[in-house]
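Below are the chains, spelled out letter by letter.
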Amino acid sequence: MGDSSDVPALRHGLSVLRLLASHAGPVTATAVAAELNLARSTTYHLLAELARAGFVTHLPEDRRYGLGVAAFEVGSAYLRHDPLERLARPLLRKLVGRLGRTAQLGVLHGPETLYLVREQPERPQTLVTDVGVRLPAQLPASGRAMLAKLPPAQVRALFPTTASFVNRTGRGPADLPSLRRLLAAETRRGWAVEDGYVTSGFASVAAAVLDHNGRPVAAISVTFRHECDERACGRDWPEVATEVLAAAAELSTRIGGHPAP
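Below you will find a few notes about this structure. All figures in this text were calculated on a predicted structure; none of them were measured in a lab.

A few points about the pattern of salt bridges
All told, the structure shown has nine salt bridges when counted by the stated rule. Glu49 serves as the salt-bridge partner of Arg52, at 2.5 Å between the closest nitrogen and oxygen. Here Arg52 and its partner Glu49 are both found in helix α3 (residues 40-52), three residues apart, which amounts to about one turn of the helix. By relative accessible area, which is 61% here, Arg52 ends up exposed. Of the charged contacts in the structure, one is a salt bridge between Asp62 and Arg156, with a shortest N-O distance of 2.9 Å. Separated by 94 residues along the polypeptide, Asp62 in the loop between β1 (56-59) and β2 (64-67) and Arg156 in helix α7 (residues 152-158) bring together distant segments of the chain. By relative accessible area, Arg156 is classed as partly exposed at 27%.

Written out as structure tokens, the structure reads:
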């Protein structure tokens, strides 16, 4: 089996994925071939096969390649299989104890946020963000906290058209330009905020958990009741964010990553 001609191809394919993962953004096929010392024809063949399988995204306008949704699913699946949840649960419990509000752990699953863990106070509130629930990633604060840490080209690949933007309450970004403006503002602030985008009468604050390359592997969020009216909209809850950022930084450290500055 070790003599199979498929083994070198598999090895080269894995090398391509590692290379793409090591770059901050998409790269050209020429750069991939040069860095891996591969023939250009072999490189294009590998990239095409990986793209068909969803592990690579081709950006034809830029003539570049980046990691695809399947690569993120495999990476987050490793952490979802237990280590991430086990490491996060005590931190979420601590958040609930300090804030008296529901705390959650979510991961990106394509253009959606998938919730893995939820810890609630003694008097829990009914929320849609239950374990196993998926929400459009541009709406909850946890989803945008992770999207803000992705290269712009990958955000565009996840939301290629206006039809990609789901509306739940009439609030939240409805197209790519509005999403980018929101992500830029939240990057400057340092945390993500959602006010009635998912469920009217509820708000949330979130921060990303980062791996050793500074890429988002998850997000920690806290959700609470808040009625948004003309006087109360636009709040960013820095006192809540301080606690959430600390929990996300600690989880980043525990998985061997780098906490966000």
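Concerning the environment of Thr42
As for its placement among the helices and strands, Thr42 is situated in helix α3. Between the alpha carbons of Thr42 and His12 there is a distance of 9.2 Å; along the sequence they are 30 residues apart.

Section: the sheet that holds strand β4 (residues 112-119)
With respect to topology, six strands assemble into an open sheet ordered β5-β4-β3-β8-β7-β6, the strand pairing being antiparallel. Two strands close off the open sheet at either side, each with one partner strand: β5 (134-136) and β6 (192-195). When strand polarity is set aside, the average angle formed by the axes of neighbouring strands in this sheet is 30°. Here helix α9 (residues 238-254) sits on the sheet and contacts β3 (102-109), β7 (202-210) and β8 (216-225); the angle it forms with β7, its principal contact strand, is near 30°.

Notes on helix α5 (residues 83-99)
Its 17 residues place the ends of α5 25 Å apart at the C-alpha level, agreeing with the 24 Å of an ideal helix rising 1.5 Å per residue. Helix geometry: α5 is bent most strongly at Arg89, by close to 30°, with proline Pro90 lying one to four residues after it. Along α5, the residues classified as buried are Leu84, Glu85, Ala88, Leu91, Leu92, Leu95 and Val96. One or two positions beyond α5, positive phi appears at Gly100, with a value near 70°.

Notes on the packing of aromatic side chains
Tallying each qualifying case throughout the model produces two aromatic pairs. With a centroid separation of 5.1 Å and an interplanar angle of 75°, the aromatic rings of Phe224 and Trp237 are classed as edge-to-face. Highlighted residues: Phe224 in strand β8 and Trp237 in the loop between β8 and α9, separated in sequence by 13 residues. When sorted by exposure, Phe224 lands in the same class as Trp237, which is buried. One Lys or Arg, Arg101, reaches over the ring of Phe224 and ends 4.4 Å from the middle of that ring.

Rules used in this analysis
- Residues numbered from 1 in each chain as written.
- Predicted model: local features only at pLDDT ≥ 70, side-chain atom pairs only at ≥ 80, totals over all residues.
- Heavy atoms only, no water.
- Salt bridge = Lys/Arg side-chain N within 4 Å of Asp/Glu carboxyl O.
- Helix = DSSP H or I, 4+ residues; strand = E, 2+ residues; numbered from the N terminus.
- Buried < 20%, exposed > 50% of the residue type's maximum accessible area, 1.4 Å probe, protein only.
- Pairing = 2+ DSSP bridges.
- Axes fitted to C-alpha atoms, helices over the stretch in contact; angles between N-to-C directions.
- Contact = heavy atoms within 4.5 Å.
- Expected span 1.5 Å × (residues − 1).
- Bend = angle between axes of the 7 residues up to and from the residue.
- Phe/Tyr/Trp six-rings, centres within 6.5 Å; stacked < 30°, edge-to-face > 60°.
- Lys NZ or Arg CZ within 6 Å of the ring centre and 35° of its normal.

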